[in-house]
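Read off the chains here:
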Amino acid sequence: MPPDKICKTIHQYNREPISAEQMEKLQEIARDYREVKNYVYLRYGGISSLPKLYPGYTIQNEMTKSGLREELQMPSVYFYLALFDALGDIKSQWARTKTKVQELIRKNENFSPEEKHYLRFLLKVSNAFEAVLNQKPMTLPSKIQKTYEALAAQVDTEKMHRYLCRQVRKYHVRQHTETADGFSISERAYRYKDHGIYISIKEKRKRIFVALTDHNQYNRQLYIKLYPERGGLEIKVPIDVTIKSHEDYQNQVGISIGMYTMLTTDQGHDYGDKLGQYEMEYADWIRLQTRRYRRNRDNNPGRKKYNTQKKRKLEQLHNYMNQELNRFLQTEKPSTIYMVKLPKPKANGVNRTINHSVTMWQRGYIRRRLIQKCQEQSIELVEVLGKDISNECSNCGAIGIRQKGIFTCQTCGFQIKEKENTAKNARNRGLSGKIIY
């Protein structure tokens, strides 16, 4: 993709409910898609298949000869998409395993710097990593081989190899999925026409027509998500969006993301000040529906209605967030935005109502949408170090106190809104280089 473009996912929906017969044919594809993915996970998700993962043509040839596609009577356009989808998942899982092992190596105080360096080398060089896990001779390109030999001379290689194998066995997961609610589809398997889309099914030369709510047409790989309980279908379309550049966007802006007010800037400007009200109403509605369902668990036909209402309320909440984010960018005109890296969710506290409301907090959605919008508008988004950022005085740097939304510094007497103080600290830390790379 050219550097002046980014990928964005848009959505299309069916205009009318899909009949039970047609939905069953689409679900049959989804079940076969799941079957192929689980077969690939089982056969190629282990250590012995590591040399085959890149670039993946060996696995493709083996899967062609396996006879699984003929057994399922699955069109090739779906079969090979499921295959490469599963391979992508396996590669991602190996990346997560390596990241976990690297973290353990960094925290292990019993290792010398030379031992840590050697283990990181094994994790970085794929051929070396595969050789250790499969207990094969170390055969590397000449220049890398010399580096390996120099590192190996400083450590007990057998001990290091045992440690690496032990951690991989402990943390690497062979994947499996039980969900069969969607599948990828290539251009060969669909056609836009008659204000809808024709989707190929397992029957030869047969397609299902689905009327859509818009008339947009695309020529790329799509993802079909099925909602059989309501006869619904969602099409996820990745498109390339041209990045916009604004000459008047020159400001350096620090922000603080909150639960009740979505964004507060270092100048004290608030955006999304009704977010807390909307999220509390949404959380209250979820709690009420949960209590009703538990009281009437054996005779409750309203799940379809509940899911429809929940989706509508969530869409309204997301629309409000996006409107406020757009207003923030158009008003503040930032070239760079500094924000604190959001902490991971903590264990439950003592107040169940507050716990539930925090669970409903859409902070992850806010962060994702802000990242997307910044990329589309050529705005740099920088995450800063967050330690004590809300307790530190933005005026003198001393530790102050927070009470009822107000920050007070007992050292210099500075008093300011708590969120505004955090936003100022985010900007100060960003400009001074205290950022997360």
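Please read all numbers here as calculations on a predicted model, not as lab measurements.

**Here we look at the pattern of salt bridges**
- Tallied over the full model, the rule gives 20 salt bridges.
- One salt bridge in this structure joins Glu203 and Lys206, with 3.6 Å as the shortest N-O distance.
- In this structure Glu203 comes out as partly exposed when scored by relative accessible area, which is 37%.

**Some remarks on the state of the cysteines**
- Applying the stated criterion across every chain yields a total of 0 disulfides.
- Here Cys374 stays unpaired: no disulfide links it, and the sulfur of Cys7, its closest cysteine neighbor, is 17 Å away.
- Cys412 takes part in no disulfide bond, and the closest cysteine sulfur to it belongs to Cys409, at a distance of 3.6 Å.

**Here we look at the environment of Ile239**
- In this structure, Ile239 sits in strand β7 (residues 232-242).
- Sequence separation between Ile239 and Leu119 is 120 residues, and the spatial gap between their C-alpha atoms is 40 Å.
- Ile239 has contacts with Ile6, Cys7, Lys8, Ile10, Tyr218 and Arg220, leaving out every residue within four places of it along the chain.

**Quick notes on the pairing of strand β3 (residues 190-193)**
- Only one face of β3 is covered, namely the one carrying Tyr190 and Tyr192; the face carrying Arg191 and Lys193 has none of its residues buried.
- Alignment of β3 against strand β4 (residues 196-200), held across 4 bridges, turns out to be antiparallel. In the strand pairing of β4, Tyr190 is matched with Ile199.
- Hairpin connection from β3 to β4: 2 residues lie between these consecutive antiparallel strands, with Asp194 at a positive phi of about 60°.

**Looking at the sheet that holds β7**
- Taken in spatial order, the 4 strands line up as β1-β7-β6-β2 in an open sheet, and their pairing is antiparallel. In this open sheet, the two strands that pair with only one neighbour each are β1 (5-13) and β2 (182-185). With direction set aside, neighbouring strand axes in the sheet form an average angle of 25°.
- On top of the sheet, helix α1 (residues 20-44) reaches β2, β6 (222-227) and β7; it is set at about 85° to β2, its chief contact.

Cut-offs and rules
- Residues numbered from 1 in each chain as written.
- Predicted model: local features only at pLDDT ≥ 70, side-chain atom pairs only at ≥ 80, totals over all residues.
- Heavy atoms only, no water.
- Salt bridge = Lys/Arg side-chain N within 4 Å of Asp/Glu carboxyl O.
- Buried < 20%, exposed > 50% of the residue type's maximum accessible area, 1.4 Å probe, protein only.
- Disulfide = S-S within 2.5 Å.
- Helix = DSSP H or I, 4+ residues; strand = E, 2+ residues; numbered from the N terminus.
- Contact = heavy atoms within 4.5 Å.
- Pairing = 2+ DSSP bridges.
- Axes fitted to C-alpha atoms, helices over the stretch in contact; angles between N-to-C directions.

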